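Breakdown of the fold
Okay, here's what each chain looks like letter by letter:
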Amino acid sequence: MTLKLRLKVLFEFFGRLRSKSPPNFWQFGLTVREVIAARMLRAMTGKLSAIEARRMVMEKQSAVIRAHFAYMESILNGEAASALGAYFDVYQRAVESNRKRLSNRRWRWPRRR
């Protein structure tokens, strides 16, 4: 019984120590640039609808709120070291979903993993 309990505690400890790979800020910057370019192209050609413009603002507001909640949740759970990563992950997911939605389906930037 105590051995199982100790193993469980040990696995939970190592599970918290194991983290994801560090964020790739270079790829994030390229993805942000691609999203901005897609929206600027739509605006310059007149294809940026009022719905898309409103969606841009709402997505930014939503990402800020979700990032703050993720940051605070990490701190409150005692995982202060991973709080910044949780904050960044929210923005990375939002930008990646925008890139997929706005990208031209015929051609995409090559993805490095």
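Residues numbered from 1 in each chain as written. Predicted model: local features only at pLDDT ≥ 70, side-chain atom pairs only at ≥ 80, totals over all residues. Heavy atoms only, no water.

With that settled, the discussion passes to the overall build of the protein chain. Within the protein chain, the secondary structure is distributed over four helices and zero strands. Order of helices (α) and strands (β) in the protein chain, N terminus to C terminus: α-α-α-α. Relative to its full complement of 113 residues, the protein chain shows a buried share of 21%. Within the protein chain, counting contacts between residues at least 6 apart in sequence, those at least 24 apart form 63% of the total. Just so you have it, the protein chain exposes about 9400 Å², and 65% of that area is on carbon and sulfur atoms. (Helix = DSSP H or I, 4+ residues; strand = E, 2+ residues; numbered from the N terminus. Buried < 20%, exposed > 50% of the residue type's maximum accessible area, 1.4 Å probe, protein only. Contact = heavy atoms within 4.5 Å. Areas by Shrake-Rupley, 256 points an atom, 1.4 Å probe, with all protein chains shown as cover.)

With that settled, consider the packing of helix H3 (residues 50-76) against helix H4 (residues 83-102). The N-to-C vectors of H3 and H4 enclose an angle of 155°; their axes lie 7 Å apart at closest approach. It follows that H3 is roughly antiparallel to H4 by the angle criterion. Relative to H4, H3 is oriented so that their crossing is right-handed. Between H3 and H4, the contacting residues are Glu52, Arg55, Glu59, Ala63, Val64, Arg66, Ala67, His68, Ala70, Tyr71, Ser74 and Ile75 on the first element and Ala83, Leu84, Ala86, Tyr87, Val90, Tyr91, Ala94, Asn98, Arg101 and Leu102 on the second. (Axes fitted to C-alpha atoms, helices over the stretch in contact; angles between N-to-C directions. Parallel < 35°, antiparallel > 145°, perpendicular 65-115°, else oblique. Left-handed = near helix turned anticlockwise from the far one by under 90°.)

Time to look at H4. Here H4 is 20 residues long and its end C-alpha atoms lie 29 Å apart, about the 28 Å a rise of 1.5 Å per residue gives. Of the residues making up H4, those classed as buried are Ala83, Ala86, Phe88, Asp89, Val90, Ala94, Val95, Glu96, Asn98, Arg99 and Leu102. For H4, the secondary structure elements touched by its buried residues are helix H2 (25-45) and H3. (Expected span 1.5 Å × (residues − 1).)

The next point concerns a nonpolar patch on the surface. A cluster of nonpolar residues, Tyr71, Met72, Ile75, Leu76 and Leu84, forms a patch on the protein surface that exposes about 510 Å² of accessible area. Broken down by element, the residue count for the nonpolar patch peaks at four residues, all from H3. Relative to the helices and strands, methionine 72 is located in helix H3. Using a relative accessible area of 41% as the deciding quantity, one classes methionine 72 as partly exposed. (Patch = residues over 30% accessible without salt bridge, like charges linked within 9 Å, V, L, I, M, F, W, Y side chains within 5 Å. Salt bridge = Lys/Arg side-chain N within 4 Å of Asp/Glu carboxyl O.)

Next up on the list: the packing of aromatic side chains. One pass over the structure, following the stated rule, counts four aromatic pairs. Ring geometry for phenylalanine 25 against phenylalanine 88: centres 5.0 Å apart, planes inclined by 65°, an arrangement best described as edge-to-face. Residue phenylalanine 25 is found in helix H2, and its partner phenylalanine 88 is found in helix H4; the two are separated by 63 residues along the sequence. Residue phenylalanine 25 is classed as exposed on the basis of its relative accessible area, which comes to 55%. The exposure class of phenylalanine 88 is buried, given its relative accessible area of 11%. Among the aromatic side chains, those forming a connected cluster through ring pairs are Phe25, Phe28 and Phe88. (Phe/Tyr/Trp six-rings, centres within 6.5 Å; stacked < 30°, edge-to-face > 60°.)

What follows concerns the environment of serine 103. Its place among the elements puts serine 103 in the segment after H4. Each C-alpha atom, one on serine 103 and one on valine 35, is 7.8 Å from the other, the two residues being 68 residues apart in sequence. Within the structure, serine 103 has its side chain in polar contact with the backbone oxygen of lysine 100 (distance 3.4 Å). (Polar contact = N/O pair within 3.5 Å; in protein donor to acceptor, adjacent residues only side chain to side chain.)

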